[in-house]
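# Coordinates in review
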Amino acid sequence: MKEIFNGVFRVGKNIYTKNLTPGSRVYGEKLFVSAGVEYREWDPTRSKLSAAILNGLTTLPIRSGSVILYLGISAGTTASHISDIIGKDGLIYGVEFAERMMRELIPVSEKRKNIIPILADARKAEEYSWIEKTDLIYVDVADPQEMEIFIRNAKMF
Amino acid sequence: MIAHITKSPIGWFAFDDSGELLYYQLIRPDPEEALGVLTKPIPKTFFNSIKGYETKEDGFARDIISNRIREYALSLGFVETPRELNEFLTSLGILITKKKAKKFITKDKLIVQASSTLDDLNKQINTFFEHLCEWYGLHYPELKLDNEKYVKQVAQYGLREEMPGFKTSSGLALSERDIEIIKSYSSFILSALQLKKELEKYIKEATRETCPNITSLIEPLLAARILALAGSLERLARMSSSTIQLLGAEKALFRHLKNKKKVKPPKYGLIFFDKRIQNAPKGEAGKIARILASKLMMAAKIDYYSGRFEPKLKDDMEKEIGRIK
């Protein structure tokens, strides 16, 4: 097992993150125990970030303790792995517009306690202006104005 | 001199022009309390506690707090550890989101679900019936009846010899075991038919209740299907009449948009199932569809925003339809 990024481990063709909440799965991923530590497999067909890493992403600026604004968090598949990486000292502010996806995200958030669900439109950042400045913004919104949304949020947070 | 004031999840803060902290009031680390701070205006007492400054609530102060909330939360003793702050903020986020999500879940969503269930059930009942026909047809191919009657007869009598009016048949003779399973299958279809009726009744009642205006113009079952296609009453209320007119005809519409010269635009989508359009003479159906859609557009807006019943809508529509003839 090789740590390729802070908190991301590679075994053969698969990558893993340390499970923040041992024993529980988020989206039916495989669990794997090595030297008493439980890891969760990070499926590249379910998460774009995993696919990017497996395709040779050179830098991953997410560290243990990072504070992240995640636009378009959806049901928290990718976010759960980021949550594993940043650990209990880090925090994700997860913005999602679809109430249906929020319903899936809230139980994940309740368990992990480092993902903050925010039901709001990323185009209207004023709606969640109470959040703090973040170290990093992760954007995955399916919107033609994705870049404008990113820039506006980057200016605010 | 100005005191810049802001609210934050941990309390109220005032800074001077250079960004120095002038005054603050923390709340207890309780998400409910924090929600109150964020949603209510800053209390007068807080403004009054700042003496010798002109007070102003602004983004300058909000920026400072969003930069330093961690710092202040720890140094002013709101929480003891960063982890505690994370947990507090998470519970706050969950609380806000749950409150907001509640507003999204409205009665029209029940109709949407029931209506798509009914659509699926109808398709499945048809397949079930086809299977039964093929199956029982091996035994008694001469039996020709309406779908529902067919199923009922098979469930009731089983073997062809038991059926009223049976003379001869070219089918296969069945054993007790063969007919038992067919009988159970047909009673299962019967219960699906029963469920279908209940669903229809429920949808009719619920749609009439939630959308009195839409259902004054079209059949409640059709209204429910339109609602299901739109996704919710809110979305339907925001649609233009042309969108409503073509709901369900998206494929034809885009075929037309791709190749405008060869393919004519569709005249109607789901609303074609309205009797007035179906029975209209050639050349009038499109016009009726247009009128109907425009009234539906208004009805959806009234149903969503006020919910009051407007009998005038239906009269207007009938007058307008009468005029084209």
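Parameters and conventions
- Residues numbered from 1 in each chain as written.
- Chains lettered and ligands numbered in written order.
- Predicted model: local features only at pLDDT ≥ 70, side-chain atom pairs only at ≥ 80, totals over all residues.
- Heavy atoms only, no water.
- Helix = DSSP H or I, 4+ residues; strand = E, 2+ residues; numbered from the N terminus.
- Rg over C-alpha atoms; globule rule 2.2 N^0.38 Å.
- Buried < 20%, exposed > 50% of the residue type's maximum accessible area, 1.4 Å probe, protein only.
- Salt bridge = Lys/Arg side-chain N within 4 Å of Asp/Glu carboxyl O.
- Contact = heavy atoms within 4.5 Å.
- Polar contact = N/O pair within 3.5 Å; in protein donor to acceptor, adjacent residues only side chain to side chain.
- Nonpolar A, V, L, I, M, F, W, Y, C, P; charged D, E, K, R; others polar.
- Patch = residues over 30% accessible without salt bridge, like charges linked within 9 Å, V, L, I, M, F, W, Y side chains within 5 Å.
- Areas by Shrake-Rupley, 256 points an atom, 1.4 Å probe, with all protein chains shown as cover.
- Phe/Tyr/Trp six-rings, centres within 6.5 Å; stacked < 30°, edge-to-face > 60°.
- Lys NZ or Arg CZ within 6 Å of the ring centre and 35° of its normal.
- Pairing = 2+ DSSP bridges.
- Axes fitted to C-alpha atoms, helices over the stretch in contact; angles between N-to-C directions.

In terms of regular secondary structure, chain B is built from 15 helices and 4 strands. Over its C-alpha trace chain B gives a radius of gyration of 32 Å, far above what one expects of a compact globule, namely 20 Å for 325 residues. Each of the three principal axes of chain B carries a C-alpha extent, and together these read 105 × 60 × 40 Å. Put simply, chain B has 325 residues, and 41% of those count as buried.

So, on to the pattern of salt bridges. Tallied over the full model, the rule gives 27 salt bridges over all chains. Here B:E161 makes a salt bridge to B:R160, at a shortest N to O gap of 3.3 Å. Judged by relative accessible area, which is 7%, B:R160 ranks as buried. As a salt-bridge pair, B:R238 and B:E234 come within 3.0 Å of each other at their nearest N and O atoms. On the basis of relative accessible area, B:R238 is assigned to the exposed category, the value being 59%. For B:E234, a relative accessible area of 28% translates into the label partly exposed. Via salt bridges that share partners, A:E29, A:R40, A:D84 and A:R112 belong to a single interconnected network.

A separate point is the interface of chain B and chain A. Listed as interface residues are 23 residues of chain B and, on the opposing side, 25 residues of chain A. Across the contact surface, chain B and chain A share 5 salt bridges. When the shortest N-O distance is used, the salt bridge between B:R83 and A:D89 registers 2.9 Å. Linking chain B to chain A there are 12 residue pairs in polar contact (both at pLDDT 80 or more). When contributions to the side of chain B that touches chain A are tallied by element, the ones reaching two or more residues are α3 (59-75) and α4 (82-104) of chain B. Each residue belonging to the side of chain B that touches chain A can be placed in one class, and the counts come to 10 nonpolar, 6 polar and 7 charged.

All right, on to a nonpolar patch on the surface then. Residues and elements named next belong to chain B. A contiguous nonpolar surface patch, about 300 Å² in accessible area, is contributed by W135, L138 and I181. Here I181 is to be found in helix α7 (residues 176-210). Given a relative accessible area of 46%, I181 falls into the partly exposed group.

A complete count under the given rule lists 23 aromatic pairs over all chains for this structure. A centroid spacing of 6.2 Å and a plane angle of 85 degrees characterise the contact between B:Y136 and B:Y150, whose relative ring orientation is edge-to-face. Taken together, the residues span a long stretch of sequence, with B:Y136 in helix α5 (residues 107-137) and B:Y150 in helix α6 (residues 147-157) at a distance of 14 residues. In this structure, B:Y136 and B:Y150 share a single accessibility class: buried. Their ring planes at 20 degrees and their centres at 6.4 Å tell us that B:Y185 and B:F188 sit as a pair that is stacked. Here B:Y185 pairs with B:F188, and both are found in helix α7, just 3 residues apart, close to one helical turn. The buried category is assigned to B:Y185, whose relative accessible area is 16%. Aromatic rings pair up to connect A:F9, A:Y16, A:F32 and A:Y39 into one cluster. The ring of B:F273 has B:R225 sitting right over it, with the charged end atom 5.0 Å from the ring centre.

With that out of the way, let us pick up the sheet that holds strand β7 (residues 91-96) of chain A. Residues and elements named next belong to chain A. Read from one edge to the other, the open sheet built from 4 strands follows the order β8-β7-β6-β9, with strand pairing classed as parallel. Every interior strand has two partners, whereas the edge strands, β8 (115-119) and β9 (136-139), have only one. Shown here is a sheet whose adjacent strand axes are inclined to one another by a mean of 20 degrees, direction ignored.

Purely spatial values, then, with no claim about function.
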